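Coordinate inspection notes
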Amino acid sequence: MQGTEFRMLKLLDRFQGIISRMGVNYETLRRILHVKLLMDSRRVPVILASSKRHKEEQDKNLFVSSLWMYGLIGLVLTPFVFWSDPEYLMPMSILSAILMFLIMTSMISDFSSVLLDVRDRSILMTKPIDGRTVGLARSIHAGIYLLLLTGALSAGSLVVGLIKHGILFFLIYVIELILMNMLILVSTSLIYLVLLKYWDGEKLKDLINYVQIGLSATLAIGYQFVIRSFDLIDFKLVFTPAWWQILLPPVWYAAPYEWLFGEGSGWLTVLSLIAVLVPILLITVYFRFIPSFEQHLEKLAHNEAGKGRERGRFDRFVARLVCQSQQEQACFRLSASMLKNEREFKLKVYPTLGLSVLLPYLFFFSMIRTTSLSEIGTSSSYYVLHGMLVMIVTVVMMLKFSGKPKAFWLFGSAPLTSMAPLFRGALKAFGVKMFVPLFSINAIVFLLVFGIRILPDILVILLTGLLLIPLTAKAVLRQPPFSQSFSATQQKDGWWVLLFFFVIGGLGGLHYASSLVPYGMVAYMVVLCIANGLAWTKLYK
């Protein structure tokens, strides 16, 4: 990583004159960035004594070492570059939408902690350092990782674009990637600035999480509006100009290709200019308000007033219903509190929860265009509700992490004969406090759309999800809950999510097959109930 650090800093040196003219002390800025990047590559703190300790003590940056995986994911973009001739607007709009979605979700889930990091304020702000310098260093720090992520995601499509369309296409692509990163980084920072100005303490931290969930949901739904900018007429994609396309950044970044290589028009010129001017305008505004951002950021350093508040009676009541021993009940209440109040956990997991809730509805957007809602209600499209089960593997993988993992020594000193009560308590807390409430919301909506006839199917999907929680934990939850630092996140665990899609598809097929046999659905529900009883009682003894 250190070689990467110094290359990034040497690249930054080329802009020293511009940065200095902005009123920033460049030498101080460079030193701050050097230390931040160096600290990123320090070893991960080790909480549990295990045979795998040496793997976590390596002096490397786990994000940089996982960029190859993002490169593989980015290969899905290459077909759109092949497809973009002679029609550039549609494929490049979809490519930009996918790329912005991947970058933005990484920004709000992984790099928001970089933008909102207040740990260095006690050192830096006591020195004669301008707030603008500290704020710009923080933004550049996050920007470096965004550029590395973007480079890995777009590497394959950049090579294909250079070979197929030439150097001009390649240069436009590179410039637009830079503008895209500027837009994402600065717009996120400005949203946080507004939140920091009007809220403080724990309310602010919760509100930031909710905004992140909203951003993820907006990005997911935005795909559909990008596709609706086009009509398929006689198997030819026809772009239909509309005023609301000004609100769609993916269309902005696709417009220059059609303007230069396809059929240019005045509307495409406007969209191309917006793609350049909006990021520049936003970064100018943000630079003006960097001192205010640093001033308001101090609110995040305040201790939460309600930190020691007593856990609710409802959690105690539920714990007595679903847990067997008092030890398991205590672990349930602790886990429920962690899932609700652990800020860094919410930062990583809640956006994914929001997407998984919306995922089943995304399948309906393409149907609504040609099918009425009443026709959908009589179809068998309710099977897409299986899609929200993807939240299970995502959350279960994250249960082993905590913002304060050193507190795990308490479990070692407690009179526990094993970690089984902690595993069962954490999994049941996730099932009762997260999965069942979110599933119930979607179940009610689906019952309103499809009618009471799908109630048995709803119960089958619910039982399937409850069964998958302990089974998934047995496969992916190798360390006790809340025992690992978030900085130890293993990107290779992402392969489990891909595998889980195939598992969900297979279980959905069993669900459908049971509906074809007389009394098959009832028999399948009985099997699922028995399997749930065995999984929850036998897997963690």
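1. Quick look at the overall build of the protein chain
- Regarding its fold elements, the protein chain presents 24 helices and 4 strands.
- The buried share of the protein chain, reckoned over its 541 residues, is 50%.
- Summarising the internal contacts of the protein chain: among those between residues at least 6 apart in sequence, 78% fall at separations of at least 24.
- When the accessible surface of the protein chain is summed, it comes to about 26,200 Å², and 67% of that surface belongs to carbon and sulfur atoms.

2. Here we look at the packing of helix α11 (residues 167–198) against helix α13 (residues 249–261)
- Contact geometry of α11 with α13 gives a least axis separation of 11 Å together with a crossing angle of 160 degrees. One way to sum up the angle between α11 and α13 is to call them roughly antiparallel. Read as a crossing pair, α11 and α13 show a hand that is right-handed. Of the residues in α13, those touching α11 at Leu168, Phe169, Ile172, Tyr173, Glu176, Leu179, Met180 and Leu183 are Pro249, Trp252, Tyr253, Pro256, Tyr257, Leu260 and Phe261.
- Partitioning the contact of α11 with α13 into residue classes produces 14 nonpolar, no polar and 1 charged.

3. A look at the nonpolar core
- If you look at the biggest cluster of nonpolar residues, it comprises 80 residues, and the most contacted ones within it are Leu29, Leu99, Leu136, Tyr173 and Tyr253.
- No other element matches the 15 residues that α11 contributes to this core.
- Apart from residues no more than four positions distant in its own chain, Leu99 is found in contact with Leu77, Leu153, Tyr173, Leu177 and Met180.

4. As for the environment of Ile140
- Residue placement: Ile140 occurs in helix α10 (residues 131–165).
- Along the chain, Ile140 and Val114 lie 26 residues apart, while their C-alpha atoms are 10.0 Å from each other.

5. Focus on the confidence of the model for the protein chain
- For the protein chain, per-residue confidence averages 78 on the pLDDT scale, and residues scoring 70 or more make up 77% of the total.
- Below a pLDDT of 50 lies the segment residues 42–59, which in the model reaches 28 contacts outside its immediate sequence neighbourhood of four places, other chains included.

6. Quick word on the packing of α10 against helix α14 (residues 266–297)
- At a closest axis distance of 8 Å, the pairing of α10 and α14 adopts a crossing angle of 95 degrees. When the interaxial angle is binned, α10 and α14 end up roughly perpendicular. Contact with α10, carried on its side by Gly131, Arg132, Val134, Gly135, Leu136, Arg138 and Ser139, involves Tyr286, Phe287, Arg288, Ile290, Pro291, Glu294 and Leu297 of α14 and no other residues of that element.
- Looking at the contact of α10 with α14 residue by residue, the classes come out as 7 nonpolar, 3 polar and 4 charged.

The rules behind these values
- Residues numbered from 1 in each chain as written.
- Predicted model: local features only at pLDDT ≥ 70, side-chain atom pairs only at ≥ 80, totals over all residues.
- Heavy atoms only, no water.
- Helix = DSSP H or I, 4+ residues; strand = E, 2+ residues; numbered from the N terminus.
- Buried < 20%, exposed > 50% of the residue type's maximum accessible area, 1.4 Å probe, protein only.
- Contact = heavy atoms within 4.5 Å.
- Areas by Shrake-Rupley, 256 points an atom, 1.4 Å probe, with all protein chains shown as cover.
- Axes fitted to C-alpha atoms, helices over the stretch in contact; angles between N-to-C directions.
- Parallel < 35°, antiparallel > 145°, perpendicular 65-115°, else oblique.
- Left-handed = near helix turned anticlockwise from the far one by under 90°.
- Nonpolar A, V, L, I, M, F, W, Y, C, P; charged D, E, K, R; others polar.
- Core = buried A, V, L, I, M, F, W, Y, C linked by side-chain atoms within 4.5 Å.
- pLDDT = per-residue confidence, 0-100.

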